[in-house]
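Structural features, examined
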Amino acid sequence: MSRPRKDPRMERAAHLVPGGARPRFDLAATPATSGRLRRDPRAEERLALVPGTLRRRLDRSQRAPAVSVVAVAAPVEAEAAPRRVVIAEPAFLVALVPDAPGGRLSAHDRQLFGAARLLADAGGGAVLALVDGSSEELGAAGADRVLALPITGYDPEAKALALNAALAALDLRHVLFPESAEGGDLARRLAALSGEPFFAGAESLSPKAVTRAARGRRVEQRRAPPRLLSLAIDAIAPHAGSLHEALPVEFAFPETTGGALLSAEFIPADPARVSLAEADFVVSAGNGVSDLDTFRMLVAALGGTPGASRMLCDAGLMPRAAQVGASGTVLEARGYFALGIAGAPQHLQGVARCEHVIAVNTDLHAAMIERAGLAIVADAQKVMPALLRLLGEEGAP
Amino acid sequence: MRIALLLSAGRHRVSGRPAPVPVELQALRLAADLAQTHGGQSGGTVTGLHAGPEIGPLTDALGHGLGHLVHLRMPAEADPAPALTAALEAGGYDLILAGRSGQGGEDTGLLPYTLARALGRPILADAAALAPGAEAGTLSVEQALGRGARRRLVVRLPALVTVHPAAPAPLPFAFAGLRRGQVEMREAAPSAPAPHEVEERPYRPRPKLIAKAAAGASAAERLKAATVAASGGGKLLVDPAPEEAAREILAHLRALGLIAPR
Ligand SMILES: Cc1cc2nc3c(=O)[nH]c(=O)nc-3n(C[C@H](O)[C@H](O)[C@H](O)COP(=O)(O)OP(=O)(O)OC[C@H]3O[C@@H](n4cnc5c(N)ncnc54)[C@H](O)[C@@H]3O)c2cc1C
């Protein structure tokens, strides 16, 4: 124990007020220097109090300027900068091909970097990121080397050919792909092109063994990591803690000729047509909505996908395909706007993965109100026309 | 237009009993619709192909609208790729459809790619809709991307296309179709067993990664990362005027980027 032993006599002596005939002690005064700091819980609470909220709220995360009452004796340690790691002479290369939609790494891509670092750090290897366009986040994500692929537009075959050339020439020990639509496609193309062993959808990974589910998720296959691997989502933690150099490397890719693909054109999702499981923003009505025509107009005006609670589907007011919940569709949407829905557990299961929920309900104690990020206790029949009016006013000028 | 459909010996997702793979039945629907609309003078034909020891419940595909099913019989451990390549080459198909990945076998989804490579044909993944292209001898494929977005690709036939679960539902099962359809059995040329260098054990689900704040984040941030999706903890308006409520909702939706900014 490093704590100094308490000496009550000394402490008392420190409070002695000099002068006077009788000894006088001022116990309220802060003792000059005892070495240890004294906490003032009331002052800390005053600091943590978030102003401007109706209910008392304390924010103890100390993001607000933390001016403590007592002077801090020891200087606060500066925010430790991430460790910079330079691998000058890598023993081998572990390559990875992130999807990077729109040039930004997705969460799945970051997990891929975590997996690549796991394989590389076990034997002094370096991580090589094979990307379409370079970006600044690669160093922090965990890339030692970066190689830009000479690909424009959507052309997976040309990309696979370029990767095959790099695989042969650069002597890559492993190439990792995300098991996503694009990454999985590319990985299989490369596997078919190069004839290398391929391990699809790895669910756990270590330098010694990878595992995946097979035979309808009844069997776990296990082997030493082969040359080509695709990684399932949410299997490996992303890399964190050290900063890597992300050094650009040069490589002469062979010229590729145009493939059989004649044209490629992106079509954004049409919210009125997409299925609930795929929708991004769902506007949903429950038993509290009686004016379904207004509801349908509102859905169209907001550009959402229509949904409903089971009550409306059972009553035949909305199609069964629109049912959200345990016995309907489990949503993957980002936003969910619930009108007049009580929030039964079977319904809430369906919105468990929605990030943002907005609820309108007349009942303050409805479970949906509790779940929502923006909860409005009001009559849905009045809010819907008001929303339509507001949208109309905005659209008019 | 001659269309081939690859059918794999699947297992039911829940019961584990032999069953057709749902996405392959969806592919069958796409093929049947395309053959009907784009049949042209000769009329389109759809042929199912299965390589394996037994046909089993794959005859169900006949009930879902397939007219002709070819069974290439081979031992269970043999590699199906050479036999399928030979059959596909001999058939002279314009379009070959396959599911995204099997369900009950290796489930890697690699076979369509090795076949495409062996046949020297282009392959496109994740089709949700098929239509004849503007030019003759081309096919327009709607590729399913995340969140309902699509990419329309035009490819020159012959080609191989894998189908995504977002494709339309299979045609309803009709017993008469099952009776009408024909199954043709052919013995496949013997091939070397597929190399098998994996160890197999009973499946054990692994814990999924939970949403985690970056390393070194404060306790409050970690708590937030773990619970933010489960709790609202947001704003509550009690009995606002409808106009005020509407303004709040729109402002909130705009802040989240769920509707277009003004
Ligand atoms: C086995 C099983 C499976 C189920 N699966 C599902 C499922 O998948 N999906 C599903 O949704 N349900 C499912 N249910 C049903 C579920 O338990 C609920 O009954 C249902 O979700 C309730 O729907 P609701 O909230 O629309 O209706 P109610 O419970 O009637 O709630 C209506 C809500 O609207 C509010 N309200 C009333 N008037 C207004 C107004 N003017 N303005 C605003 N708000 C108003 C009320 O305060 C109330 O909160 C299942 C049930 C069972 C037993």
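Figured I'd write up the structure that's included with this text.

Definitions and cut-offs
Residues numbered from 1 in each chain as written. Chains lettered and ligands numbered in written order. Predicted model: local features only at pLDDT ≥ 70, side-chain atom pairs only at ≥ 80, totals over all residues. Heavy atoms only, no water. Helix = DSSP H or I, 4+ residues; strand = E, 2+ residues; numbered from the N terminus. Rg over C-alpha atoms; globule rule 2.2 N^0.38 Å. Buried < 20%, exposed > 50% of the residue type's maximum accessible area, 1.4 Å probe, protein only. Contact = heavy atoms within 4.5 Å. Areas by Shrake-Rupley, 256 points an atom, 1.4 Å probe, with all protein chains shown as cover. Salt bridge = Lys/Arg side-chain N within 4 Å of Asp/Glu carboxyl O.

What follows is about the overall build of chain A. The number of helices and strands found in chain A is 11 helices and 20 strands. Taking 21 Å as the expected radius of gyration for a compact globule of 397 residues, we find that chain A reaches 30 Å, considerably beyond that expectation. Counting only C-alpha atoms and orienting by the principal axes, one finds that chain A spans roughly 105 × 70 × 50 Å. The buried share among the 397 residues of chain A stands at 43%. Counted over contacts in chain A with a minimum sequence separation of 6, partners at least 24 positions apart contribute 58%. Looking at chain A as shown, the accessible area adds up to about 21300 Å², and 54% of this sits on carbon and sulfur atoms.

Turning our attention to the overall build of chain B. A count of helices and strands for chain B gives seven helices and 13 strands. Of all intrachain contacts in chain B linking residues separated by at least 6 positions in sequence, the fraction that spans at least 24 positions is 63%. Accessible surface computed for chain B: about 13200 Å², of which carbon and sulfur atoms make up 55%.

Here the focus is the side chain of Q26 of chain B. Residues and elements named next belong to chain B. Looking at the secondary structure, you find Q26 in helix α1 (residues 22-37). For Q26, a relative accessible area of 9% translates into the label buried. Those residues within four positions of Q26 in sequence are excluded, and the remaining contacts are H164, P165, A167, P168, A169 and P170.

This brings us to the pattern of salt bridges. Residue and element names in this part refer to chain A. Applying the stated criterion across every chain, the model contains 33 salt bridges over all chains. With a shortest N-O distance of 2.6 Å, R56 and E45 are connected by a salt bridge. Of this pair, R56 sits in the loop between α2 (41-48) and β3 (83-85) while E45 sits in helix α2; the two residues are 11 residues apart in sequence, bridging distant segments of the chain. R56 gets classed as exposed once you look at its relative accessible area, which sits at 57%.

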